[in-house]
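# Structure assessment
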Amino acid sequence: MIDEKLLKAAKQAVIEQNKEKAVELARQLLSEGMDGMELMNQAFIPAITEVGDQFGRGLLFLPELVQSADAMQAVTDVINESLPAHDAKKDTGKLVIATVKGDVHDIGKCIVVSLMQANGFTVYDLGRDVDTDHIVEEAVRLDVQIIGTSALLTTTMARQKDLEDALKSGGIRDRFKTIVGGAPVTARWAAKIGADAYAEDAQEGVTKVKELLAG
Ligand code: B1M
């Protein structure tokens, strides 16, 4: 039985930029048996979304957003550590994942990477603010089947299209499957730029990657 009061307090800690409290409550909820992804989806993602909404409406400012993001990053690390480690025996596919050039948002991308690894995929995390050319070079060098990109800004979504264009102009589009994600990204956008899949969240990302590998 999950302690709803604790869950609410955990959400509030991120909103109130209280990193220590957020980490403490995350550890407590995990030790009480709460599933890491549930904790993420029920407390921390709603918390940072609320902070983002307030920031968007001018009700709080960049320093506060940065502090909440710092707390969010810290609890994400705690939750990621709680997920099962990569199981080489289950190895089913290789991916590179990156947040696109010009974009430093990587909290969601790191969750996606951890969940993919927990599901047995070999994931090469190229980081954030990554050049399209570097993504392509690494995908070729590491001989992956799938290239995943995350974009959180409406302005940087265009880099996901650049990736499709770079693969086409390099004559290697057929060699890879592509998957896109990030808050402003939609299935419609994925279809428009010619990506092979779109995922709304990390769990759907795992499902889509399995489908891409099977197909
Ligand atoms: Co910024 N930011 N931010 N920010 N930030 C947004 C995105 C914004 C919507 C806030 C707002 O105004 N309401 C807004 C963008 C507006 C727009 O583009 N139209 C914004 C802005 C404006 C900015 C700056 C420009 C602010 C400034 O400097 N004036 C600046 C940009 C810097 C840059 O990138 N060049 C900036 C900076 C930052 C921080 C550094 C402070 C921090 C990021 C810290 C970090 O990531 N290390 C930050 C944060 C935290 C946010 C919000 C509040 C939260 C993002 C987040 O972590 N969400 C965000 C508001 C929002 O999104 N509602 C906002 C939680 C995370 C788990 O969700 O990343 O969506 P998400 O990932 C999900 C899914 O999308 C999906 O699965 C994940 C897990 O479920 N997914 C994938 C993601 N990638 C995937 C890939 C896949 C599959 C699924 O396959 C490959």
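Quick note: structure is the one above.
Coordination angles at a metal have ideal targets, namely 109.5 degrees for four tetrahedral donors and 90 or 180 degrees for six octahedral donors. Just one protein ligand coordinates the cobalt atom of the ligand, and it is H105 (NE2) at 2.2 Å. Looking at the secondary structure, you find H105 in the loop between β1 (94–100) and α5 (107–118).

Moving on, we come to the sheet that holds strand β5 (residues 197–198). Within the open sheet, the five strands sit side by side as β2-β1-β3-β4-β5. Their pairing is parallel. On the outer flanks of this sheet lie β2 (122–130) and β5, each paired with one strand and no other. As judged from the two bridges shared by strand β4 (residues 177–181) and β5, these two strands associate in the parallel manner. Counted as the bridge partner of V180 is Y198 from β5. Along the sheet, helix α6 (residues 132–141) makes contact with β1, β2 and β3 (146–150), crossing β2 at roughly 165 degrees.

Moving on, we come to the site of the ligand. Within the structure, the ligand sits among 34 residues, and G52, V104, H105, D106 and S150 are positioned closest to it. Secondary-structure elements contributing two or more residues to the shell around the ligand are α3 (36–56), α4 (62–82), α5, β3 and β4. Of the residues belonging to the shell around the ligand, the class tally is 17 nonpolar, twelve polar and five charged.

Attention now moves to α6. Of the positions making up α6, those classed as buried are T132, I135, V136, E138 and A139. Seen along its axis, α6 keeps its buried residues to an arc of 165 degrees; they face one direction. Residues of α6 that are exposed and angled more than 90 degrees away from the buried face: D133 and R141. On its buried face, α6 is in contact with β1, β2, β3 and α7 (158–169). At the C-terminal side of α6, D143 shows a positive phi close to 55 degrees.

Before going further, it helps to examine the environment of A74. Tracing the backbone through its elements, the reader meets A74 in helix α4. Classification of A74 as buried rests on a relative accessible area of 16%. C-alpha of A74 to C-alpha of K19: the two residues are 55 residues apart in sequence and 7.1 Å apart in space. Here A74 is in contact with K19 and V23, once residues within four sequence places are set aside.

About the thresholds
- Residues numbered from 1 in each chain as written.
- Predicted model: local features only at pLDDT ≥ 70, side-chain atom pairs only at ≥ 80, totals over all residues.
- Heavy atoms only, no water.
- Donors = N, O, S within 2.8 Å, 3.2 Å for Na, K, Ca; no water.
- Helix = DSSP H or I, 4+ residues; strand = E, 2+ residues; numbered from the N terminus.
- Pairing = 2+ DSSP bridges.
- Contact = heavy atoms within 4.5 Å.
- Axes fitted to C-alpha atoms, helices over the stretch in contact; angles between N-to-C directions.
- Near = heavy atom within 4 Å.
- Nonpolar A, V, L, I, M, F, W, Y, C, P; charged D, E, K, R; others polar.
- Buried < 20%, exposed > 50% of the residue type's maximum accessible area, 1.4 Å probe, protein only.
- Arc of directions from axis to C-beta.

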